[in-house]
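# Fold and contact review
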Amino acid sequence: MDIEAIKRKYRRNAVFYNIVDRPLRSVRERAVAKLELRPGDSVLDFGCGTGLSLVLLQRAVGQQGRVLGVDASPDMLARARRLVAQHGWTTVRLVEANAEDDSLETDSVDAVLCFYTHDILQSDAAIERALAALRPGGRIVAAGARRTTGVRGLMLNPVTMSYSRTAITNLDGFDRPWARLERRVGPFEVEERLLGTAYIARGIKT
Ligand SMILES: C[S@@+](CC[C@H](N)C(=O)[O-])C[C@H]1O[C@@H](n2cnc3c(N)ncnc32)[C@H](O)[C@@H]1O
């Protein structure tokens, strides 16, 4: 993974990133719901960006829980840090790190969220790190854009691909972005959203 390319991309994207969130709100809510978080849980937001999922995650795990956000982009994280400070969240920790680096404590979280983090999902090393941090029986949910099929694909794929190019460095695996994760976990399910142009996948670490 070209981490410098990712940092460059997100130096630009950080400026307008939160504006494009609105159409994805229902997908985000559904993805977080599928984590089945309980008060007191700890959750990893892998590629947390500007922190758009933090409010949902923090609410779900409550004051006794913990939220860990990891992202490689200092520019995206700066915005997440501002959000944490504004809310005065003491249970949220943000770490600047490459998802492929071995910096997470083993079996330390109950759930992992990878929301619109295609670059991370195309890296076996990053998936390995996420699963190492997840306790056995824990849930991992990945959501993002995907290339769809049939007539819908003919109409919608050009749009999906053009906005995705602004956000990711690697378009490999865009038909089944969850494929690498699926190979590494136990029970696995995928659902379509946004007319098939988005997916939410969930697996359990065995
Ligand atoms: C499209 S944004 C999604 C941000 C956030 N998950 C959200 O829900 O809005 C993708 C994020 O993944 C981060 N990212 C991509 N590759 C990464 C890597 N190897 N390590 C850590 N973060 C990475 C980027 O810096 C960016 O903030």
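For clarity, every value in this text was computed on a predicted model and none was experimentally measured.

### Remarks on the side chain of Lys205
With respect to the secondary-structure elements, Lys205 resides in the segment after β7 (198-204). Engagement of the side chain of Lys205 in a polar contact is seen with the side chain of Asp107, the distance being 3.3 Å. Beyond its immediate sequence surroundings of up to four residues, Lys205 is in contact with Asp107, Leu131, Ala132, Leu134, Arg135, Pro136, Gly137 and Gly138.

### Observations regarding the site of the ligand
Neighbouring the ligand are 23 residues, the closest being Met1, Arg28, Gly47, Asp71 and Ala99. Between Asp71 and the ligand, the recorded distance is 2.6 Å, taken from a side-chain N or O atom to an oxygen atom. If you map the ligand onto the pockets, it falls in the largest pocket. Its residues assigned to classes, the shell around the ligand comprises 14 nonpolar, six polar and three charged.

### A look at the packing of helix α1 (residues 3-16) against helix α4 (residues 74-87)
Interaxial distance between α1 and α4 falls to 7 Å at its minimum, and their mutual angle equals 40°. Of the possible angle classes, the one that applies to α1 and α4 is oblique. Contacts between α1 and α4 involve Lys7, Tyr10, Arg11, Ala14 and Val15 from the first element and Pro74, Asp75, Met76 and Arg79 from the second. Partitioning the contact of α1 with α4 into residue classes produces five nonpolar, no polar and four charged.

### Topic: the layout of surface pockets
Gaps between atoms show up when a probe of the same size as a water molecule is rolled over them. Approximately 810 Å³ is the volume found for the largest pocket. The wall of the largest pocket is formed by 44 residues, among which Tyr10, Tyr17, Tyr116, Thr117 and Ala167 lie closest to the centre. Secondary structure elements with two or more residues in the lining of the largest pocket: α1, β2 (66-71), α5 (118-121), β5 (134-145) and α7 (150-165). It is α1 that provides the largest number of residues to the lining of the largest pocket, a total of five residues. Here the residues of the lining of the largest pocket sort into 27 nonpolar, 13 polar and four charged.

### Some thoughts on a nonpolar patch on the surface
Taken together, Val15, Phe16, Ile19 and Val20 make up a surface patch of nonpolar side chains, about 410 Å² in accessible area. Relative to the elements of secondary structure, Val15 occurs in helix α1. Taking the relative accessible area as the measure of exposure, Val15 reaches 62% and is therefore exposed.

### A look at helix α6 (residues 124-133)
Listed in full, the buried residues belonging to α6 are Ala126, Ile127, Ala130, Leu131 and Ala133. Angular distribution of buried residues about the axis of α6 spans 160°; they occupy a single face of the element.

### Points about the nonpolar core
One finds Leu35, Val43, Leu57, Leu94, Leu113 and Phe115 to be the most contacted residues of the largest nonpolar core, which totals 31 residues. Where this core is concerned, the elements lending two or more residues are α2 (25-33), α3 (54-61), α4, β3 (92-96), β4 (109-115), β5 and β7. With four residues, the single largest contributor to this core is α3. Non-local contacts of Leu94, meaning those with residues more than four positions away in its chain, are made with Cys48, Leu54, Gly69, Leu77, Ala80, Arg81 and Val84.

### Some details on the pattern of salt bridges
Tallied over the full model, the rule gives 19 salt bridges. Ionic pairing is found between Glu4 and Lys7, a salt bridge with its closest N-O pair at 3.9 Å. With Glu4 and Lys7 both in helix α1 and three residues apart, the pair spans about one turn of that helix. Residue classification places Glu4 among the partly exposed positions, given a relative accessible area of 44%. For Lys7, a relative accessible area of 18% puts it in the buried group. For Glu192, the salt bridge identified is with Arg146, shortest N-O distance 3.7 Å. With Glu192 in strand β6 (residues 188-193) and Arg146 in the loop between β5 and α7, this residue pair connects regions lying 46 residues apart in the sequence.

About the thresholds
Residues numbered from 1 in each chain as written. Predicted model: local features only at pLDDT ≥ 70, side-chain atom pairs only at ≥ 80, totals over all residues. Heavy atoms only, no water. Helix = DSSP H or I, 4+ residues; strand = E, 2+ residues; numbered from the N terminus. Polar contact = N/O pair within 3.5 Å; in protein donor to acceptor, adjacent residues only side chain to side chain. Contact = heavy atoms within 4.5 Å. Near = heavy atom within 4 Å. 1 Å grid on protein atoms, 1.4 Å probe; cavity = no way out; pocket = protein on both sides within 12 Å on 5 of 7 lines; lining within 4 Å. Sits in = over half its atoms within 2 Å of the grid points. Nonpolar A, V, L, I, M, F, W, Y, C, P; charged D, E, K, R; others polar. Axes fitted to C-alpha atoms, helices over the stretch in contact; angles between N-to-C directions. Parallel < 35°, antiparallel > 145°, perpendicular 65-115°, else oblique. Points joined across faces, edges and corners; volume = space filled by probe spheres on them. Patch = residues over 30% accessible without salt bridge, like charges linked within 9 Å, V, L, I, M, F, W, Y side chains within 5 Å. Areas by Shrake-Rupley, 256 points an atom, 1.4 Å probe, with all protein chains shown as cover. Salt bridge = Lys/Arg side-chain N within 4 Å of Asp/Glu carboxyl O. Buried < 20%, exposed > 50% of the residue type's maximum accessible area, 1.4 Å probe, protein only. Arc of directions from axis to C-beta. Core = buried A, V, L, I, M, F, W, Y, C linked by side-chain atoms within 4.5 Å.

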